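# Structure assessment
Single-letter residue listing:
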Amino acid sequence: MTTNAAGRIGTIPSGTGTPASQHTSTGIRLHAPVPGWSIDADVVVVGSGVAGLTVALRCAAAGARVTVVTKAHLDDGSTRWAQGGIAAALGEGDTPAQHLADTLVAGAGLCDEPAVRALVTDGPDAVRRLIATGALFDTGDDGAILLAREGGHHRRRIAHAGGDATGAEVSRALIAAVRAAGAPAPRTQTAPGTASRSAPGQTARAQTAPETASQTAPGEAARTRTAPETASRSAPGEAARTQDGGRIELIENALVLDLLTDAEGRTAGVTLHVMGAGQRDGVGAVRARAVVLATGGMGQVYSATTNPSVSTGDGVALALRAGAEVSDLEFVQFHPTVLWLGPDAEGQQPLVSEAVRGEGAHLVDADGTRFMLGQHELAELAPRDIVAKAIMRRMRETGGAHMYLDARHFGAQMWQERFPTILAACRAHGIDPVTEPIPVAPAAHYASGGVRTDLRGHTTVPGLYACGEVACTGVHGANRLASNSLLEGLVFAERIAADITAHPAAPGEPVIPAPAGSPLLASEARYEVQRIMTAGAGVLRSAESLATAAGALERLHTAAVEAYDREGKTAEPCVETWEATNLALVARVLVAAARRREETRGCHWREDRPDRDDEQWRRHLVVRLTPYRTLAVRTTEGPEFGDDVRDDGTAAPGAPAHPAAPGGAAAPQHQPSASKELS
Ligand SMILES: Cc1cc2nc3c(=O)[nH]c(=O)nc-3n(C[C@H](O)[C@H](O)[C@H](O)COP(=O)(O)OP(=O)(O)OC[C@H]3O[C@@H](n4cnc5c(N)ncnc54)[C@H](O)[C@@H]3O)c2cc1C
């Protein structure tokens with residue numbers, strides 16, 4: 001059991017002269033109470049989507065004691081919302097090589113080919129193991145898995161479940177397996193025995209469905225998310241007592257704050273805040289030698305997104321504070337066909353899956369003209385960035401706020417059998433796709449970038465792994481190929497589990513953080529960040545719009561830091577302010593990278609730089625946070641990440657040092673691995 005005594009913060013940042021790819025903790029962390037309790041595990045998994053639960057299952061199967069911490073309910077991440085399916089070369093005549101080729105094309109020259117090779121080669125067996133774990137995919141009369149086609153795929157290779165409820169089925173199967181693997185059955189929360197202090201201002205957060213979205217969750221009738229007070233879950237105290245009986249402990253409704261490190265700077269666990277359930281304080285620690293970030297995406301950085309409310313980029317922000325490198329954040333995939341709910345719609349919006357176009361739906365403008373014909377050989381099935389850009393262009397040309405997806409020719413029966421979730425979501429918003437075209441517009445959907453990892457999920461911080469949407473393995477390059485993300489979560493989760501269980505190590509003694517931390521933004525800053533990002537860093541970007549966004553974000557950041565440094569003032573620590581602070585940090589990094597990348601590539605569309613510039617920019621931007629709260633940016637030599645994240649999770653020496661003095665938004669520099677700081 002740890003004590004409440006305040007110690008020093010993590011490892012001491014070495015400041016200047018440190019190789020850019022060598023791990024140095026920033027010493028920055030979220031302002032939060034000192035942990036009042038702790039439990040031990042071999043592995044902490046943060047997040048319970050496809051990535052987190054697969055890591056947990058595979059680690060537990062190898063005998064590890066796993067603690068899964070998740071922000072809301074087990075199935076509240078993006079995984080449950082996935083509609084289309086999982087891509088893998090399972091069909092007759094299809095091969096990993098063909099899947100590789102399609103992935104590389106979608107990635108617009110920026111995929112890390114060894115990572116894609118790992119994805120497509122391991123993929124088919126990973127899907128088979130998911131089926132063995134209990135997931136039920138749609139099959140034909142002969143029992144073979146039915147395979148659909150989606151944008152960018154030259155073959156039918158998308159395995160789906162429940163028609164368009166693949167994620168719900170994957171989530172159901174993994175949760176059932178995790179519970180069977182020894183997690184205690186959920187029960188009503190009792191206060192953790194060792195936590196007794198009050199977190200100031202903390203109120204339980206209700207996970208309500210976004211007002212504007214009125215979403216029907218896949219695979220279920222319209223579901224009401226319960227507030228944490230009424231949610232049942234396993235409590236930290238309970239979890240510790242039942243540990244002997246099970247190898248996976250679940251802590252739901254708990255927000256992981258920051259990484260704990262030992263005196264050598266190696267991962268030693270996480271701090272977390274347990275929400276709600278009648279108690280106001282829940283900051284504690286899980287001590288473990290390996291931490292796997294599986295926190296999903298960051299869609300909530302924009303006003304309109306397909307992502308659920310938990311997708312606030314927490315894992316990327318935590319990793320940045322821990323000194324890890326992140327990459328490719330400028331490549332945000334905007335899904336081209338999201339149900340348009342009006343000009344002021346905010347939060348999670350219903351997706352109209354690519355699979356609808358895969359089955360023959362047409363994109364038309366208000367006059368009924370199919371504007372994708374002649375734009376790309378695959379027309380409506382072109383890669384997502386092409387379709388999103390074409391929609392935006394047509395919207396501009398015609399002055400329309402949206403375009404239409406016309407699938408009336410499917411007929412009522414096909415709609416009901418193949419796309420029951422989408423049909424229900426449309427009808428819930430007064431649109432009947434059987435009789436009228438669906439209004440659609442692009443919305444933020446997927447983060448192709450994230451915490452930089454190697455092929456076994458190592459980040460640049462020893463003992464810290466990243467998996468799923470939070471990670472940047474390099475498989476997506478500048479644009480994700482449809483249905484490759486569930487597969488990425490599966491494949492790399494298995495690789496990470498193999499790595500963790502092959503290298504058992506005793507946990508180090510964590511250095512307990514001092515009471516203070518970094519200043520927090522007010523909860524309203526979340527909406528401010530979303531407005532800034534939507535206006536300046538959305539589907540259409542330019543030097544001017546990005547500069548405006550950078551300036552506005554910087555003012556938010558500076559105001560908080562100055563108030564803190566001058567008067568010790570900060571917003572009260574609570575879920576909303578932690579999330580807002582995380583969102584603002586990832587937004588700063590995203591905008592800094594988007595400014596630096598002066599070209600158009602994949603889903604990064606610069607209006608002022610409309611061409612792809614392979615000579616200058618066929619390389620990744622790698623960003624880390626410095627101890628001075630500035631951003632250090634460097635570029636890789638080419639599209640491959642290389643081997644500077646070594647197998648033992650440490651960074652190889654040799655990359656040039658970053659300059660000492662923080663600078664402004666610097667001119668682009670293309671020396672490989674050179675590093676520059678941005679304020
Ligand atoms: C509407 C929609 C449709 C999609 N369709 C497809 C598809 O057809 N095929 C496909 O391949 N991909 C699809 N995707 C993308 C895919 O669903 C996601 O990329 C994938 O599910 C991400 O899985 P994950 O495990 O990385 O994260 P998630 O499933 O998002 O899980 C993240 C978890 O982390 C938790 N978490 C976050 N922050 C914290 C914190 N601070 N502390 C504790 N826990 C935290 C969350 O609560 C959640 O449990 C779709 C996405 C959306 C939104």
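Residues numbered from 1 in each chain as written. Predicted model: local features only at pLDDT ≥ 70, side-chain atom pairs only at ≥ 80, totals over all residues.

## Some remarks on the overall build of the chain
Helix and strand counts for the chain come out as 15 helices and 24 strands. Taking contacts inside the chain between residues at least 6 apart in sequence as the whole, the part at least 24 apart equals 75%. (Helix = DSSP H or I, 4+ residues; strand = E, 2+ residues; numbered from the N terminus. Contact = placed C-beta atoms within 7 Å.)

## Topic: the confidence of the model for the chain
The predicted model of the chain has a mean per-residue pLDDT of 82, with 80% of residues at 70 or higher. This model gives residues 185-216 a pLDDT under 50, and the stretch forms 89 contacts once residues within four places in sequence are excluded. (pLDDT = per-residue confidence, 0-100.)

## Digging into the site of the ligand
By nearness alone, 44 residues border the ligand, and Gly47, Gly49, Gly77, Gly296 and Gly468 come closest of all. Contributing elements (two or more residues each) for the shell around the ligand: helix H1 (50-61), helix H4 (166-180), strand E8 (254-261) and helix H11 (484-502). At 4 residues, H11 tops the list of elements feeding residues into the shell around the ligand. Tallied by class, the residues present in the shell around the ligand amount to 16 nonpolar, 24 polar and 4 charged. (Near = placed C-beta within 6 Å. Nonpolar A, V, L, I, M, F, W, Y, C, P; charged D, E, K, R; others polar.)

## A short note on helix H6 (residues 314-321)
Where burial is concerned, most of H6 is hidden: 8 out of the 8 residues are buried. Within H6, burial applies to Asp314, Gly315, Val316, Ala317, Leu318, Ala319, Leu320 and Arg321. Just downstream of H6, Gly323 is the residue with a positive phi angle, here 95°. (Buried ≥ 20, exposed ≤ 12 C-beta atoms within 10 Å, placed from the backbone.)

## Let's talk about the sheet that holds strand E9 (residues 267-274)
Ordered in space as E1-E10-E9-E8, the 4 strands form an open sheet in which the pairing is mixed. Strands at the two margins of the open sheet, each flanked by one partner only, are strand E1 (38-40) and E8. Each neighbouring strand pair of the sheet contributes to a mean axis angle of 25°, computed without reference to strand direction. Note: E8 against E9, 7 bridges, orientation antiparallel. Its bridge partner lying in E9, Leu259 is registered against Val270. (Pairing = 2+ DSSP bridges. Axes fitted to C-alpha atoms, helices over the stretch in contact; angles between N-to-C directions.)

## As for the sheet that holds strand E6 (residues 158-159)
The strands making up a sheet associate through hydrogen bonds between their backbones, and the pairing can be parallel or antiparallel. In spatial order, the strands read E4-E6-E5; together these 3 strands make up an open sheet with antiparallel pairing. Strands at the two margins of the open sheet, each flanked by one partner only, are strand E4 (86-87) and strand E5 (147-148). Where E5 and E6 come together, 2 bridges link them in antiparallel fashion. Note on E6: the bridge partner recorded for Ala148 is Ile158.

## What about the packing of H6 against helix H14 (residues 575-596)?
Two elements in contact, H6 and H14, have axes whose closest approach is 8 Å; the angle formed by their N-to-C orientations is 75°. It follows that H6 is roughly perpendicular to H14 by the angle criterion. Here Asp314, Val316, Ala317 and Leu320 of H6 lie close against H14, whose contacting residues are Asn582, Leu585, Val586 and Val589. Taken together, the residues of the contact of H6 with H14 break down into 6 nonpolar, 1 polar and 1 charged. (Parallel < 35°, antiparallel > 145°, perpendicular 65-115°, else oblique.)

## A few points about the environment of Ser309
Here Ser309 is to be found in the loop between strand E12 (304-305) and H6. Counting along the chain gives 39 residues from Ser309 to Gln348, while the straight-line C-alpha distance between them is 7.0 Å.

## Points about the pairing of strand E3 (residues 66-69)
In E3, alternate side chains face the same way, and those of Val66 and Val68 on one face and Thr67 and Val69 on the other are all buried. With 4 bridges connecting them, strand E2 (residues 43-46) and E3 associate as parallel partners. Residue pairing in the sheet places Val44 in a bridge with Thr67 of E3. For the segment spanning E2, H1 and E3, crossover handedness is right-handed. Summarising the sheet, E3 and strand E7 (residues 248-251) pair through 4 bridges and their orientation is parallel. Note on E7: the bridge partner recorded for Thr67 is Glu249. (Right-handed = clockwise from strand over helix to strand, strands pointing away.)

## Structural notes on the packing of H1 against H4
Relative orientation of the contacting elements H1 and H4 amounts to 30°, with a least axis distance of 10 Å. The angle between the axes of H1 and H4 places the two elements in the roughly parallel class. Relative to H4, H1 is oriented so that their crossing is left-handed. Counted together, Val50, Leu53, Thr54, Ala56 and Leu57 of H1 and Val170, Leu174, Ile175, Ala177 and Val178 of H4 form the full contact between these two elements. (Left-handed = near helix turned anticlockwise from the far one by under 90°.)

## Side note on the environment of Arg609
Relative to the helices and strands, Arg609 is located in the loop between H14 and helix H15 (614-617). Given 18 C-beta atoms within 10 Å, Arg609 falls into the partly exposed group. A sequence separation of 68 residues divides Arg609 from Arg541, and the C-alpha atoms of the two residues are 9.4 Å apart. Those residues within four positions of Arg609 in sequence are excluded, and the remaining contacts are Glu598, Glu599 and Thr600.

## Some words on unusual backbone geometry
Backbone geometry at Ala108 places phi at a positive 55°, although glycine is not the residue there. Along the chain, the position of Ala108 falls in the loop between helix H2 (96-106) and helix H3 (113-133). Phi is positive for Asp328, which is not a glycine, with a value near 65°.

## Observations regarding helix H8 (residues 384-398)
Here H8 spans 21 Å end to end across 15 residues, near enough to the 21 Å set by a 1.5 Å rise per residue. Listed in full, the buried residues belonging to H8 are Arg384, Asp385, Ile386, Val387, Ala388, Lys389, Ala390, Ile391 and Arg394. Lining the buried residues of H8 we find strand E14 (332-339), strand E16 (362-364), strand E17 (403-406) and strand E18 (438-447). Immediately beyond the C-terminal end of H8, within one or two residues, lies Gly399, with a positive phi of roughly 75°. (Expected span 1.5 Å × (residues − 1).)

## Looking at the pairing of E14
Extensive coverage of E14 is indicated by the burial of 8 of its 8 residues. For E14 and E18, the ladder comprises 6 bridges, and the chain directions are antiparallel. In the strand pairing of E18, Val332 is matched with Ala447.

## Focus: the environment of Arg393
In this structure, Arg393 sits in helix H8. Taking the C-alpha atoms as reference points, Arg393 and Leu540, separated by 147 residues in sequence, lie 9.8 Å from one another.

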